[in-house]
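# A structural walkthrough
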Amino acid sequence: MSSESPLPQPPKNVVVDTASLPASSSSSVWDRISKWVSENKALVYTIAGVAVVVTSAGVVYYLSDSSRTGQVPPPSDKKKSKNQRRKEKKKAEEEKKAKVEDEKSSKKAEESEELPEVDEATVGQLSEDTRKDYAAKLKAAGNKAYGSKDYNRAIELYGKAIICKPDPIFYSNRAACYNILSEWDKVVEDTSAALAMDSTYVKALNRRAIAYEHLSKFSEALLDFTASCILDGFSNETSRNALERLLKKVAEKKAKAILETKGSKLPSPTFVSNYLQSFRHKDLPEGLEETADLSEDSGKGQLRKGLLAIGKKTGDGYEEAAAAFGKALELGDLGDYEALALNWRATFTYLGGNAQAALADLNKSVELQPSLVQSYIKRASLHLELGNKEAAADDFDLAITHNKDDPDIYYHRAQLHFILGEFADAAKDYQKSIELDRSFIYSHIQLGVTQYKMGSVASAMATFRRSVKNFEDVPDVYNYYGELLLDQQNFAEAVEKFDKAVEMEKSSKPMGINVLPLINKALAVFQWKQDYQEAENLCQKALIIDPECDIAVGTIAQLSLQQGKVSQALKYFEKAAELARTEAEIVNAISYAEATRTQLEVQEKYPQLAARLQAMGAGLGGPAGI
Ligand SMILES: *[C@@H]1O[C@H](CO)[C@@H](O)[C@H](O)[C@H]1NC(C)=O
Ligand SMILES: *[C@@H]1O[C@H](CO)[C@@H](O)[C@H](O)[C@H]1NC(C)=O
């Protein structure tokens with residue numbers, strides 16, 4: 001029945017957020033999750049007492065303590081454990097003393113002009129005290145050479161000092177020379193030796209991290225900077241910035257690898273159906289009706305097959321549609337339907353993440369049949385997603401010259417305004433779309449959301465109450481109504497609306513695959529009652545219906561972190577990265593994953609550090625439940 005069939009498009013909806021991407025409800029839900037985390041100051045504690053916080057840019061920070069108030073203030077000295085402070089003070093004193101002694105002894109050395117001669121063979125014959133004395137003299141001379149920029153000489157002298165008496169400071173100083181000479185492998189070698197003797201030597205960690213970064217070993221650098229930041233309580237801004245920079249590098253590198261192997265897999269059915277329903281339903285065109293006699297071996301037959309498959313509203317149906325549109329164009333002989341076939345192949349190519357190929361098809365589609373304005377509209381969405389809003393605006397103008405009464409044009413142009421924050425213009429276009437066709441529910445929903453964003457809460461609520469009356473059998477109305485209620489912290493009513501939407505999705509035929517109401521309910525339950533377990537269960541339910549839903553996966557990851565289930569969080573963040581559609585979303589998910597993984601590694605690699613952090617967290621009155 002043709003009434004189940006397709007023609008496209010999407011409400012990208014969503015509400016309370018912003019989102020820089022046009023076509024995706026899911027990107028804005030991701031935003032919402034991040035916003036929720038940061039707004040709730042959801043410092044997320046792990047077993048080590050380290051928190052992860054999300055900034056507006058979606059970057060993950062580590063925090064060393066329970067400063068629930070906020071934005072990543074570097075914890076002051078006070079927040080370090082007594083023990084740590086004592087140790088650091090001692091180290092500083094020792095270094096100072098050593099320096100003074102260095103100066104004294106170097107003077108002496110200069111006077112005598114005589115440096116002890118030692119090598120591996122003779123050192124064994126020296127007494128312990130003599131060795132110590134020699135080492136101090138050699139190190140002092142090394143420092144002097146370093147001061148006068150004679151780095152090769154300094155390297156030689158520190159080397160001899162090490163022969164007399166291995167000391168992490170000697171190794172670290174020699175590493176400083178290698179650093180200046182850009183001999184990064186040697187920096188790694190010496191700092192590693194220093195760290196083998198003193199695993200909490202911050203200077204050596206920083207030096208090694210810098211060397212690793214030069215060697216493009218970003219994960220290793222990230223790990224060292226993480227350890228160093230934890231050690232100094234995140235008080236060193238340079239190191240904090242380095243941590244953030246490395247996290248981004250690692251995430252971008254991994255995202256690239258994922259993108260390369262990802263191919264053109266379609267996103268989750270929830271995403272696809274949300275996108276497709278943002279265009280008004282159209283019956284199968286004349287000549288492609290179900291009764292028309294068309295072979296599956298013909299382009300037209302495949303085109304019809306694809307259109308019918310979309311109507312199934314299932315993941316398999318969408319895969320089938322994508323394949324059929326490709327085949328339709330391969331088989332060719334499409335006559336007047338070629339522009340339509342190109343339009344549809346472009347739609348699925350775009351959904352699969354290949355914007356350029358989709359653009360080429362849409363260009364050809366509008367050339368062949370300018371009156372098929374939907375191709376202009378889709379091309380506009382694409383331009384917008386690629387960040388080209390002028391080209392998007394041009395395409396809407398072109399569409400209007402071809403059919404000024406197509407309500408889809410105004411609905412989608414309104415989306416453009418909405419995304420750009422031009423709410424008054426958006427409201428005008430939604431109204432216009434409604435005037436041209438009152439029966440399209442998404443115009444009403446989006447108008448309500450836009451009024452809400454403009455601060456007209458009363459009008460927004462009135463719009464939703466009216467819509468609920470006029471479209472009582474559309475689950476989305478309840479879902480988005482619930483989002484506004486949730487935003488107003490009206491939890492009980494929000495949950496009631498989400499429940500209603502969930503119920504309706506479940507009982508619709510075929511069963512609905514849109515799991516956003518379930519995830520929204522999870523967020524509501526979490527915010528309302530801090531009931532992690534119930535929230536996680538709801539997301540798991542969503543995954544049974546749509547196993548590919550990246551938002552559900554990302555939400556579980558966050559919830560896991562909040563409960564200190566770090567390994568589980570990591571697993572879900574990685575899965576979210578695999579499922580995410582755009583590069584930005586992938587990078588976002590991977591940043592979380594990497595931050596989480598690094599914390600786990602720090603705990604494994606530096607058990608003593610983990611223990612100390614734990615003590616620190618406890619001493620700070622850290623969150624319960626760790
Ligand atoms: C902060 O860390 C950087 C390396 O990340 C280091 O060069 C600098 O000396 C540190 N500053 C302090 C005050 O420890
Ligand atoms: C498609 O047309 C647009 C103009 O709207 C142009 O900027 C773009 O380069 C074309 N792309 C391809 C792949 O032909």
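Quick caveat: nothing in here was measured; it's all calculated off a predicted structure.

Basis of the calculations
Residues numbered from 1 in each chain as written. Chains lettered and ligands numbered in written order. Predicted model: local features only at pLDDT ≥ 70, side-chain atom pairs only at ≥ 80, totals over all residues. Heavy atoms only, no water. Helix = DSSP H or I, 4+ residues; strand = E, 2+ residues; numbered from the N terminus. Buried < 20%, exposed > 50% of the residue type's maximum accessible area, 1.4 Å probe, protein only. Contact = heavy atoms within 4.5 Å. Areas by Shrake-Rupley, 256 points an atom, 1.4 Å probe, with all protein chains shown as cover. UniProt positions renumbered as here; feature names shortened; annotations may be inferred. Core = buried A, V, L, I, M, F, W, Y, C linked by side-chain atoms within 4.5 Å. Axes fitted to C-alpha atoms, helices over the stretch in contact; angles between N-to-C directions. Parallel < 35°, antiparallel > 145°, perpendicular 65-115°, else oblique. Left-handed = near helix turned anticlockwise from the far one by under 90°. Nonpolar A, V, L, I, M, F, W, Y, C, P; charged D, E, K, R; others polar. Near = heavy atom within 4 Å. Polar contact = N/O pair within 3.5 Å; in protein donor to acceptor, adjacent residues only side chain to side chain. Phe/Tyr/Trp six-rings, centres within 6.5 Å; stacked < 30°, edge-to-face > 60°. Lys NZ or Arg CZ within 6 Å of the ring centre and 35° of its normal. Expected span 1.5 Å × (residues − 1). Patch = residues over 30% accessible without salt bridge, like charges linked within 9 Å, V, L, I, M, F, W, Y side chains within 5 Å. Salt bridge = Lys/Arg side-chain N within 4 Å of Asp/Glu carboxyl O. pLDDT = per-residue confidence, 0-100.

## Overview of the overall build of the chain
- When helices and strands are tallied, the chain shows 29 helices and three strands.
- Taking all 626 residues of the chain together, the buried fraction comes to 56%.
- A separation threshold of at least 6 residues defines the contact pool for the chain, and within that pool the share at least 24 residues apart is 60%.
- Surface accessibility of the chain: about 27,300 Å² in total, with carbon and sulfur atoms responsible for 49%.

## What to know about the UniProt feature "repeat: TPR" (unreviewed entry) in the chain
- The feature "repeat: TPR" (unreviewed entry), as given by UniProt, occupies residues 407-440 and 475-508 in the numbering adopted here.
- Taken end to end, residues 407-440 has its terminal C-alpha atoms 9 Å apart, with 79% of it in helix and 0% in strand.
- Taken end to end, residues 475-508 is 88% helix and 0% strand, and its two terminal C-alpha atoms sit 9 Å from one another.

## Some words on the environment of Tyr212
- Mapped onto the elements of the fold, Tyr212 is located in helix α8 (residues 202-214).
- Placed 24 residues apart in sequence, Tyr212 and Val188 show a C-alpha to C-alpha distance of 7.2 Å.
- Ignoring anything within four residues of it in the chain, the contact list for Tyr212 reads Val188, Lys217, Glu220, Ala221 and Asp224.

## Comments concerning the nonpolar core
- Ranked by internal contacts, the top residues of the largest apolar core, which has 73 residues, are Ile445, Phe464 and Val477.
- Broken down by element, this core gets its largest block of residues, eight residues, from helix α27 (residues 566-579).
- In contact with Phe464, not counting residues within four places along its chain, are Ile445, Gly448, Val449, Val477, Tyr480, Tyr481 and Leu484.

## Overview of the packing of helix α9 (residues 218-231) against helix α10 (residues 237-262)
- Look at α9 against α10: their axes get within 9 Å of each other, and the N-to-C directions meet at 150°. In terms of orientation, α9 lies roughly antiparallel with respect to α10. The chirality of how α9 crosses α10 is left-handed. Residues Phe218, Ser219, Ala221, Leu222, Phe225, Thr226, Ser228 and Cys229 of α9 form the contact with α10, whose participating residues are Ser239, Arg240, Ala242, Leu243, Leu246, Leu247, Lys249, Val250 and Lys253.
- When its residues are assigned to classes, the contact of α9 with α10 shows ten nonpolar, four polar and three charged.

## Focus on the site of ligand 1
- Around ligand 1, the neighbouring residues are Asn206, Phe225, Asn236, Thr238 and Ser239.
- Separating an oxygen atom of ligand 1 from a side-chain N or O atom of Asn206 is a distance of 3.4 Å.
- A distance of 3.1 Å separates an oxygen atom of ligand 1 from a polar side-chain atom of Ser239.
- Coverage of ligand 1 by the protein chains reaches 43% of its 360 Å² of free accessible surface.
- Residues that form the shell around ligand 1 fall into these classes: one nonpolar, four polar and no charged.

## A word on the packing of aromatic side chains
- Counted by the stated rule, this structure contains 14 aromatic pairs.
- Look at Phe418 and Phe423: their rings are 5.4 Å apart centre to centre, the planes differ by 70°, and that puts the pair in the edge-to-face class.
- Arranged with centres 5.5 Å apart and planes meeting at 65°, the rings of Phe440 and Tyr442 form a pair that is edge-to-face.
- Overall, the relative accessible area of 7% leaves Phe440 in the buried class.
- The class of Tyr442 is buried, set by a relative accessible area of 6%.
- An aromatic cluster of at least three residues, connected via ring pairs, comprises Tyr411, Tyr430, Phe440 and Tyr442.
- Its end group placed over the ring of Phe279, Lys378 keeps NZ or CZ at 5.4 Å from the ring centre.

## Quick look at helix α23 (residues 491-507)
- Its 17 residues place the ends of α23 24 Å apart at the C-alpha level, agreeing with the 24 Å of an ideal helix rising 1.5 Å per residue.
- Each element contacted by the buried residues of α23 is listed here: α22 (475-487) and α24 (516-529).

## Regarding a nonpolar patch on the surface
- A surface patch of nonpolar side chains, about 300 Å² in accessible area, is lined by Met511, Ile544 and Ile545.
- The residue Met511 is located in the loop between α23 and α24 in this model.
- Classification of Met511 as partly exposed rests on a relative accessible area of 44%.

## Remarks on the environment of Glu289
- Considering the arrangement of structural elements, one finds Glu289 in the loop between α11 (269-276) and α12 (299-310).
- For the pair Glu289 and Leu308, spaced 19 residues apart in the sequence, the C-alpha separation amounts to 9.9 Å.
- Each residue touching Glu289, except ones within four places of it in the same chain, is listed here: Leu284 and Arg304.
- In terms of polar contacts, Glu289 uses its side chain to reach the backbone amide nitrogen of Gly287, at 3.0 Å.

## Thoughts on the site of ligand 2
- Around ligand 2, the structure places Leu359, Ala360, Asn363, Arg379 and His383.
- In this structure, an oxygen atom belonging to ligand 2 sits 2.5 Å away from a side-chain N or O atom of Asn363.
- A distance of 3.3 Å separates an oxygen atom of ligand 2 from a polar side-chain atom of His383.
- Calculation on ligand 2 without its partners gives an accessible area of 370 Å², and the protein chains cover 47% of this total.

## Digging into the pattern of salt bridges
- This structure, assessed with the given rule, holds 28 salt bridges.
- Across the salt bridge formed by Arg153 and Glu156, the nearest N and O atoms sit 3.3 Å from each other. Here the residue Arg153 and the residue Glu156 both occupy positions in helix α5 (residues 151-164), the gap between them amounting to three residues, near one helical turn.
- With a closest N to O distance of 2.6 Å, Asp408 and Arg280 form a salt bridge.

## Observations concerning the confidence of the model for the chain
- Chain-level statistics for the chain give a pLDDT mean of 80 and a share of 79% at 70 or above.
- In the predicted structure, residues 1-81 sits below a pLDDT of 50 and forms 262 contacts with residues beyond four places in sequence or in another chain.
- In this model residues 616-626 is a low-confidence stretch, pLDDT under 50, and it forms 17 contacts with partners more than four residues away in sequence or in other chains.

## So, unusual backbone geometry
- Although it is not a glycine, Ser182 adopts a positive phi angle of roughly 60°.
- Assignment of secondary structure puts Ser182 in the loop between α6 (168-180) and α7 (184-197).
- Look at Gln530: it is not a glycine, yet its phi comes out positive at around 50°.
- Of note, Gln530 is situated in the loop between α24 and α25 (532-545).
- For Gln530, a relative accessible area of 47% corresponds to the partly exposed category.

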